[in-house]
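Spelled out from the first residue to the last, the chains are:
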Amino acid sequence: MSILRNEIKNNLTYLKNEIEHIFEGGRDTVLSEVTVGQVYGGMRGLTALVCNTSYVDPYSGLHIGDFTVEDLSEKYPEEIFYLLCTGKLPESDFLEEFRKEMNERSGVPQYTWDVLKALPEDTHPMSMLSLGILTMEQESVFKRNYLKGIPKSDFWKYTFEDALNVIAKLPELAAGIYRIRFGDGTLIKRDPDLDWAGNLAMMLGLPNSGKELARLMRLYLVLHCDHEGGNVSAFTSRVVNSALSSLYYAISAGLNGLAGPLHGLANQNCLKFILEIRHRFGDLVSEEEIALYIKETLDSGKVIPGYGHAVLRVTDPRFTAFMKFGKAYCSENVCFQIAEKLFKVVPDILKTYKGGKVASPWPNVDAASGALLFKYGLNQFDFYTVLFGVSRILGFCAQNILAQGLGQPIIRPKSVTNKWVADQLMKN
Ligand code: CMX
């Protein structure tokens, strides 16, 4: 991995120069002001973080380096990891080098399997993924070397080692969780000739696992990899790592945030929603019947999973990429067709719901992916967030490697009490 390591080093030099230049231009320049509403409203719209792996534009969606989702949807997740860390796409021989590196670093320890197998049968697979990674924390190269004493400027190098070790084990870990939780518990051996996503798809042991599932898995793992720094999971992971807790702790913590229904769990809720519609109205459900179901759902106080976003204000380009895949490979599939019908119906209803309060009535990344996975036999919805997590770990790793390389300090915003806020209002 010397090419990637060197390119990260070059990227860090570039970013450090940029920061120096920015500081020369005015360290005290005000970037964002905070209102009382924002302090009580999840800090929405408050610019208070820097993340150099990716950027989400409200109107054009995710950008990684200079690339949009459309530019990247045919790439391999391994290439995206390189891009997140370096700002560039790799040369063509990188995939082969990365595959070899992953082979050398693969192998989930037996004690991890022992812990996962000892859990109650109804443990959520996201708990298993988070815990699985946490069990391996004592293997952290960063932690071992930090205890010995290393210069701050080298922290990122050991965090990078931890990242490669975790990433190499993820296909086995995730597929093993699937087989323990939903199969007979036997683990399928990885194929050293397969790519990262291809191996994960194969080790699930699904009857439909073939080239198309591997292709979908690649797309899935590319599209979920990163979404700038302020989302619940990435931010949590960064905060934890900023205390110099190892990447294992940081990844596990980020996954715990991803497991929430307003974030990564929406993934599984979307398919559940589609299946409920199918169950109630049948395969040939009409758009009118879907509209009725949406209204009933909203009237019962629930959200429509897969719709809305904290930052995006257009249809998520990641949703568009999944729809493109669906049209090419699954256009006859009933669940995919219901996802298409939902797209025709939901935005218009959400536009006027709660007096137009829904900031984005458009679909997000989760609205179609479950229907596609279901088509290929992945019918355990509880597992979908695990796939989201496997992909998002690439982003957690890249964000933390860069933040360490830039010497970013511990994150510690100031909190205040109601009384303090009320006093400020009195003063004004
Ligand atoms: N269905 C119904 N109501 C919705 C809604 C939806 N899909 N999206 C937003 N709203 C409501 C909110 O609940 C909120 O109502 P209250 O003020 O009464 O609580 C109001 O509209 C305003 O919310 P917002 O500013 O538009 O959205 P937020 O930034 O607060 O929340 C999100 C964003 C994603 C949590 C929200 O749109 C939602 O709950 N969507 C459904 C769940 C989902 O798909 N999550 C996946 C997100 C993708 C990801 O994490 O990557």
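Keep in mind the model is a prediction, meaning the values are calculated, not measured.

## What about the sheet that holds strand 3 (residues 67–68)?
Stage number 1. Pairing within the open sheet is antiparallel, and its three strands lie in the order 1-2-3. Since the sheet does not close on itself, it has two edges, and those belong to strand 1 (54–57) and strand 3, each with one partner.

## A word on the domain arrangement of the protein chain
Stage number 1. Here the protein chain is described as being made up of domain 1 (94–263 + 387–405) and domain 2 (266–375).
Stage number 2. Distance between the C-alpha centres of domain 1 and domain 2: 29 Å.
Stage number 3. Facing the ten residues of domain 1 at the interface are ten residues of domain 2.
Stage number 4. Tallying contributions element by element places helix 11 (residues 211–223) first for the side of domain 1 that touches domain 2, with five residues.
Stage number 5. Grouping the constituent residues of the side of domain 1 that touches domain 2 by class yields seven nonpolar, two polar and one charged.

## Focus: the pairing of strand 2 (residues 61–64)
Stage number 1. Where strand 1 meets strand 2, four bridges bridge the pair, whose relative direction is antiparallel. If you follow Val56 over to strand 2, its bridge partner there is Leu62.
Stage number 2. Connecting strand 1 to the antiparallel partner strand 2 that follows it, the hairpin turn spans three residues.
Stage number 3. Examined bridge by bridge, strand 2 and strand 3 share two bridges and lie antiparallel to one another. When the bridges of strand 3 are listed, Ile64 appears paired with Phe67.
Stage number 4. With antiparallel pairing between neighbouring strands as the criterion, strand 2 and strand 3 make up a hairpin whose turn holds two residues, including Gly65 at a positive phi of roughly 60 degrees.

## So, the site of the ligand
Stage number 1. Inspection of the region around the ligand gives 20 residues, with Ala266, Val303, Gly308, Ala310 and Ala359 positioned closest.
Stage number 2. Class assignment of the residues belonging to the shell around the ligand gives a composition of eleven nonpolar, six polar and three charged.

## As for the nonpolar core
Stage number 1. In this structure, Ala174 and Leu200 are the most contacted members of the largest nonpolar core, which totals 116 residues.
Stage number 2. The element contributing the most residues to this core is helix 9 (residues 155–182), with 16 residues.
Stage number 3. Per-domain counts for this core show at least three residues from each of domain 1 (94–263 + 387–405) and domain 2 (266–375).
Stage number 4. Dropping the residues within four chain positions of it, Ala174 is found in contact with Leu129, Leu200, Val386 and Val390.

Basis of the calculations
- Residues numbered from 1 in each chain as written.
- Predicted model: local features only at pLDDT ≥ 70, side-chain atom pairs only at ≥ 80, totals over all residues.
- Pairing = 2+ DSSP bridges.
- Helix = DSSP H or I, 4+ residues; strand = E, 2+ residues; numbered from the N terminus.
- Domains from an automatic or database assignment.
- Contact = placed C-beta atoms within 7 Å.
- Nonpolar A, V, L, I, M, F, W, Y, C, P; charged D, E, K, R; others polar.
- Near = placed C-beta within 6 Å.
- Core = buried A, V, L, I, M, F, W, Y, C linked by C-beta atoms within 7 Å.
- Buried ≥ 20, exposed ≤ 12 C-beta atoms within 10 Å, placed from the backbone.

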